[in-house]
Amino acid sequence: MEKGIRTGKAATSATTVTKFKKFAVTMLAAATVAFGGLAAQPTASAMPMTCSAAMNLASIYIATGKVFLALGDYVDAVYWFGRAEGLTDAAC
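Position labels on residues start from 1 in each chain and follow its written sequence. Given that the model is predicted, a residue must reach a pLDDT of at least 70 before its local features are reported, and side-chain atom pairs must reach 80 or more before they are shown or counted; all residues, however, enter totals for whole chains, interfaces and linings. Values shown for side chains rest on all heavy atoms present in the structure; no hydrogens or waters enter the calculation.

Caption draft 1: The state of the cysteines, seen in detail. Cysteine sulfur atoms that come within 2.5 Å of each other are treated as a disulfide pair. Inspection of every chain in the model, using the stated rule, returns 1 disulfide. With a sulfur-sulfur separation of 2.1 Å, Cys51 is cross-linked through a disulfide to Cys92. Between Cys51 and Cys92, the S-S dihedral sits near 105°, and the bridge is therefore right-handed. Linking Cys51 in helix H2 (residues 51–70) with Cys92 in the segment after helix H3 (74–91), this pair joins segments that are 41 residues apart in sequence. Any residue under 20% of the maximum accessible area for its type is buried, any over 50% is exposed, and the rest in between are partly exposed; the area is computed with a 1.4 Å probe on protein chains only. With a relative accessible area of 35%, Cys51 lands in the partly exposed category. Its relative accessible area of 49% is what places Cys92 among the partly exposed residues. In DSSP terms, a helix is any run of H or I states spanning at least four residues, a strand is any run of E spanning at least two, and both are numbered starting from the N terminus.

Rendered as structure tokens:
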């Protein structure tokens, strides 16, 4: 008999163990995904943002826009300036 060729009960047992390991790993991954989805907190908040919080966030957006403006990326700069304006218009 050649080495590496399995026959009989040993081959069946090794195949069964391999299939069981694959099944166990698959079930562990599925359980992890399912549990993570159930444990995640919702991101939406019903409380509106205060004007001072909006102004603080808008100043960060404006600073980001200024960085892009200094780098010569005018499209991204206008995007961040627009976000800041929209935020202050909505919250204040």
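That covers the picture; the talk isn't over yet.
Caption draft 2: Representation of the nonpolar core within the structure. Counting 6 residues, the largest nonpolar core is built from Ala54, Ala58, Tyr61, Trp80, Ala84 and Leu87. Of all the secondary structure elements, the ones that give two or more residues to this core are H2 and H3. If we skip the residues at most four places from it in the chain, Leu87 touches Met49, Ala54, Leu57, Ala58 and Tyr61. In these notes, a set of buried Ala, Val, Leu, Ile, Met, Phe, Trp, Tyr and Cys residues joined through side-chain atoms within 4.5 Å is what counts as a nonpolar core. Contacts between residues were defined by any pair of non-hydrogen atoms, one from each residue, lying within 4.5 Å.

Caption draft 3: Representation of H2 in the model. Here H2 spans 28 Å end to end across 20 residues, near enough to the 28 Å set by a 1.5 Å rise per residue. On the buried face of H2, the contacting elements are H3. Helix span, as expected, comes to 1.5 Å for every residue beyond the first.

Caption draft 4: Structural detail: the environment of Cys51. Residues Cys51 and Ala91 lie 40 residues apart in sequence; the distance between their C-alpha atoms is 5.4 Å. Residues contacting Cys51, with those up to four places away along its chain left out, are Ala91 and Cys92.

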